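# Fold and contact review
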Amino acid sequence: MTIREILNEATHSFEAVGIPSARLDAEVLLAFCLKLDRLEFLKNPETKISKTQLADFKKIVARRLKWEPVAYITGRKEFWSFTLEVNQGVLIPRPDTEVIVEEALNICRTQNLSKPRILDIGTGSGAIALALARELPDAKVVATDISPAALIVSQKNALNLGLAKQVEFIQGDLFEPVNGIFDIIVSNPPYIADREYQELPPGVKDYEPKEALWAGQTGVEFYEKLIYQSKNHLNENGWLLLEIGARQEENVRKIMEDCGNYNSIDVRNDYAGLPRVIKGRKKVSG
Ligand SMILES: C[S@@+](CC[C@H](N)C(=O)[O-])C[C@H]1O[C@@H](n2cnc3c(N)ncnc32)[C@H](O)[C@@H]1O
């Protein structure tokens, strides 16, 4: 079979089960299987592939037909300006999460924080912590996760990106393992409520770690803890930035306002126009 025929066949089988990005997935997975650059092999669609390659690709297609995410099959996901290794121990980083990186960088620029101390709670693959470390070479970044499996992945990513010296990884529940005071705390915590969790698409619910997604009955459980506990780990005028779900703006804003320790509370939308990051600055006491 030629590359063109194989791609058409895989695309049709993905479409038949309702996979939305059927053609792109087929191309990415075939490139992965053949260990070739996707754009390169698309230039030669009449090339024939071997029986062994075809057998390998059919196994990969079978995994995708069961809704396994492409990133878990290839073990890679692009984020910010780099590629992260991922496996089922970590959430696949989403493009929307780049908004929290942009906001943290804006704060560093506008507040003239040249050597910020930054804490990332629930680092997963290391996406946010590593993007900030890469953009801010003089920053000191601490990244935590409750999941030892996630920390293996994030530490590997730090090594791959040459950022291992700049980012310290620690395991534990929220602030329990954290020492010190920070200029910026960032977090993309679990924020899916009980009822929503049951309704997640199969590619998410059946493959991504529940502890990365599910927050509890209401979905705001982690925000309450992060907002109330962050004030003990922020410098005066330090900033807390949290990724939020599209329908959580009102509830999380209220938690931040009721806490009473933050001013300049504001929400930034993502590129789809949905509320995505809430930020607040710790009030100066006294
Ligand atoms: C939504 S994922 C975000 C991962 C990554 N920061 C990103 O944006 O792609 C939430 C992360 O929080 C971690 N987590 C869950 N409960 C935690 C806790 N109590 N303390 C620290 N981390 C926790 C999960 O293991 C997961 O890696």
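Since the structure is predicted, the reported quantities are computational estimates derived from the model, not experimental observations. (Residues numbered from 1 in each chain as written. Predicted model: local features only at pLDDT ≥ 70, side-chain atom pairs only at ≥ 80, totals over all residues. Heavy atoms only, no water.)

### With respect to the overall build of the protein chain
Along the protein chain, the regular secondary structure elements total 13 helices and eleven strands. Counting only C-alpha atoms, the protein chain reaches 75 × 40 × 35 Å along its principal axes. The buried share of the protein chain, taken over its 286 residues, is 51%. Counting contacts in the protein chain only where the partners sit at least 6 residues apart, residues at least 24 apart contribute 66% of the total. By element, 50% of the accessible surface of the protein chain is carried by carbon and sulfur atoms, the whole surface being about 14000 Å². Taken as two groups, the 36 positive and 40 negative side-chain charges of the protein chain have centres that lie 3 Å from each other. (Helix = DSSP H or I, 4+ residues; strand = E, 2+ residues; numbered from the N terminus. Buried < 20%, exposed > 50% of the residue type's maximum accessible area, 1.4 Å probe, protein only. Contact = heavy atoms within 4.5 Å. Areas by Shrake-Rupley, 256 points an atom, 1.4 Å probe, with all protein chains shown as cover. Lys, Arg positive; Asp, Glu negative; His and termini not counted. Charge placed at Lys NZ, Arg CZ, Asp CG, Glu CD.)

### Some details on the pairing of strand E4 (residues 140–145)
For E4, the buried fraction is high: five of the six residues fall into the buried class. By the bridge criterion, five bridges tie strand E3 (residues 117–121) to E4 in an arrangement that is parallel. By the bridge assignment for E4, Asp-120 is matched with Ala-143. Between E3 and its parallel partner E4, the chain crosses via helix H7 (residues 127–135), and the hand of that crossover is right-handed. The sheet contact formed by E4 and strand E5 (residues 167–171) spans five bridges and is parallel. Bridge pairing links Val-142 to Glu-168 in E5. At this point the chain moves from E4, through helix H8 (residues 148–160), to the parallel E5, and the crossover so formed is right-handed. (Pairing = 2+ DSSP bridges. Right-handed = clockwise from strand over helix to strand, strands pointing away.)

### Overview of the domain arrangement of the protein chain
Along its sequence, the protein chain is carved into domain 1 (3–66) and domain 2 (80–282). Computed from C-alpha atoms alone, the centre-to-centre distance between domain 1 and domain 2 is 34 Å. (Domains from an automatic or database assignment.)

### A short note on helix H6 (residues 98–110)
For H6, with 13 residues, the first-to-last C-alpha span of 18 Å sits near the 18 Å given by 1.5 Å per residue. Those residues of H6 that sit buried are Val-99, Ile-100, Val-101, Glu-103, Ala-104, Leu-105, Ile-107 and Cys-108. Where H6 is buried, its residues meet strand E1 (76–79), H7, strand E6 (182–187), strand E9 (234–243), strand E10 (262–269) and strand E11 (275–282). Asn-112 occupies a position one or two residues after H6 and carries a positive phi of about 55°. (Expected span 1.5 Å × (residues − 1).)

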